Amino acid sequence: MEEMQEIRKRRLKKVTPDEKLPFTEHLEEFRWRLIIIIITIAVWFGACYTFSENIIKFIQKPLNQKLIFINPTEAFFVNLKVAFFVAIFLSIPVIIYEFWEFISPGLLEKEKKYTLPFIISSMMCFSIGGIFSFYIALPSVIRFLLNFAGSELKPMISVDNYISFVGRFMIGTGFVFEFPVVIFFLSRIGIATPEFLSQKRGYAILAILIISAILTPPDVFTMILMAIPLIILYEISIIISRIFGGKIAI
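Residues numbered from 1 in each chain as written. Predicted model: local features only at pLDDT ≥ 70, side-chain atom pairs only at ≥ 80, totals over all residues. Heavy atoms only, no water.

A. A look at the overall build of the protein chain. When helices and strands are counted, the protein chain shows twelve helices and zero strands. Element order for the protein chain, N to C, with α for helix and β for strand: α-α-α-α-α-α-α-α-α-α-α-α. Relative to its 250 residues, the protein chain shows a buried fraction of 42%. Once local pairs closer than 6 in sequence are excluded, the contacts in the protein chain between residues at least 24 apart make up 82%. (Helix = DSSP H or I, 4+ residues; strand = E, 2+ residues; numbered from the N terminus. Buried < 20%, exposed > 50% of the residue type's maximum accessible area, 1.4 Å probe, protein only. Contact = heavy atoms within 4.5 Å.)

B. Up close: the packing of aromatic side chains. A full pass over the atoms with the stated rule returns ten aromatic pairs. Arranged with centres 5.6 Å apart and planes meeting at 35°, the rings of Phe132 and Phe177 form a pair that is tilted. With Phe132 in helix α7 (residues 115–146) and Phe177 in the loop between α8 (159–176) and α9 (179–188), this residue pair connects regions lying 45 residues apart in the sequence. Like Phe132, the residue Phe177 is buried in the burial classification. Pairwise contacts between aromatic rings join Phe58, Phe134 and Tyr135 into one cluster. One cation-aromatic arrangement involves Arg31 over Trp32; the distance from NZ or CZ to the ring centre is 5.3 Å. (Phe/Tyr/Trp six-rings, centres within 6.5 Å; stacked < 30°, edge-to-face > 60°. Lys NZ or Arg CZ within 6 Å of the ring centre and 35° of its normal.)

C. Geometry of α8. Over its 18 residues, α8 extends 26 Å from the first C-alpha to the last, a length consistent with the 26 Å expected when each residue adds 1.5 Å. Burial analysis of α8 places 14 of its 18 residues in the buried class, the great majority of the element. (Expected span 1.5 Å × (residues − 1).)

D. Examining the confidence of the model for the protein chain more closely. The pLDDT averaged across the protein chain works out to 78; a share of 80% of its residues lies at or above 70. The weakest mean pLDDT in the protein chain belongs to helix α1 (residues 2–12) at 53; the strongest belongs to helix α4 (residues 74–90) at 89. (pLDDT = per-residue confidence, 0-100.)

E. View of the packing of α7 against α8. Put simply, α7 and α8 touch, their axes get as near as 7 Å, and they point 135° apart. Taken together, α7 and α8 sit at an angle that is classed as oblique. Our pair here, α7 against α8, has a crossing hand that is right-handed. Note on element contacts: α8 touches α7 through Tyr162, Phe165, Val166, Phe169, Met170, Ile171, Thr173, Gly174 and Phe175, opposite Cys125, Phe126, Gly129, Gly130, Phe132, Ser133, Phe134, Ala137, Leu138, Val141 and Ile142. (Axes fitted to C-alpha atoms, helices over the stretch in contact; angles between N-to-C directions. Parallel < 35°, antiparallel > 145°, perpendicular 65-115°, else oblique. Left-handed = near helix turned anticlockwise from the far one by under 90°.)

F. Spotlight on the nonpolar core. Counting residues in each nonpolar core, the largest one holds 41 residues, and the members touching the most others are Ile59, Leu138, Tyr162, Ile163, Val166 and Leu230. Those elements that provide at least two residues to this core are α2 (23–50), α3 (52–59), α4, α7, α8, α11 (201–215) and α12 (220–244). Once residues lying within four places of it in the same chain are set aside, the contact partners of Ile59 are Val82, Phe134, Tyr162, Ile163 and Val166. Core analysis: the next-biggest nonpolar cluster, separate from the first, contains nine residues, Ile92, Trp100, Ile119 and Cys125 among them. (Core = buried A, V, L, I, M, F, W, Y, C linked by side-chain atoms within 4.5 Å.)

G. Representation of the side chain of Thr40. On the secondary structure map, Thr40 appears in helix α2. Accessibility expressed as a relative area gives 15% for Thr40, which makes it buried. Among the polar contacts listed, one links the side chain of Thr40 to the backbone oxygen of Ile36, at a separation of 2.8 Å. (Polar contact = N/O pair within 3.5 Å; in protein donor to acceptor, adjacent residues only side chain to side chain.)

H. A look at the environment of Ile103. Checked against the element boundaries, Ile103 lands in helix α5 (residues 92–103). We classify Ile103 as partly exposed; its relative accessible area is 24%. Separated by 73 residues in the primary sequence, Ile103 and Phe30 place their C-alpha atoms 9.8 Å from one another.

I. Region of interest: the packing of α3 against α4. One way to put it is that α3 packs onto α4 with a least axis distance of 9 Å and a crossing angle of 75°. Here α3 lies roughly perpendicular to α4, going by the angle between them. Here α3 contributes Ser52, Glu53, Ile55, Ile56 and Ile59 to the contact with α4, which in turn contributes Val78, Asn79, Val82 and Val86. Here the residues of the contact of α3 with α4 are counted per class, giving six nonpolar, two polar and one charged. (Nonpolar A, V, L, I, M, F, W, Y, C, P; charged D, E, K, R; others polar.)

J. Just the pattern of salt bridges, in detail. For the structure shown, the criterion picks out five salt bridges. With a closest N to O distance of 2.6 Å, Glu28 and Arg31 form a salt bridge. Of the two residues, Glu28 and Arg31 both sit in helix α2, three residues apart, roughly one turn of that helix. Glu235 is the partner of Arg201 in a salt bridge, and the nearest nitrogen-oxygen pair spans 2.7 Å. Taken together, the residues span a long stretch of sequence, with Arg201 in helix α11 and Glu235 in helix α12 at a distance of 34 residues. Owing to a relative accessible area of 29%, Arg201 belongs among the partly exposed residues under this scheme. Through salt bridges with shared partners, a single network forms among Glu29, Arg33 and Glu98. (Salt bridge = Lys/Arg side-chain N within 4 Å of Asp/Glu carboxyl O.)

Here it is in structure tokens:
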């Protein structure tokens, strides 16, 4: 830890182009920050594993039916998996903070004042994305998919498959909802402009549809259900860029 602090002091120190720190020192700090993130996830994992059974009961509420396991080890490993997914979700504040602290030495002093707003807004957007996916998108997706079974088929959903689907769906949606925060930051440093975002709207919508198809099951309804809020987020990002962009020059 002392080694990382020493490296960070050297990164924060004003240097000339000829005095740039070697790549190995940046890599060393990145390694230390990655270790902090892994330790945080491990601590949350231990806490979540204790309550994994209750977490599984809560997660299966949108399904509204009992889950099954189809091999002797599945029940054991699914408790590990659900604890891991929840640990990642709860570790997001630390992940965001360590990411910002890693890139902040390369920012101007005027840009560094956005540290706290960036961290808070990132946490809020990620949480909103997770809540949206679990309480709005997920129940609709499950009802739609199960309706394909008809009256002749009875769904017998494996707990491992269900937990994997919910975990990827919620975490992926949470990260996608960070888009306005990223656009705000890029607008402040002059990289993203409202004109550029408006001109590339068609490409953005295509990319959103592709991302939605990756995050959701292979059906049009679920993809559209995911894509609509993302398109709205993109339009919000254009408004954010118009309001906050172009005020800081690098």
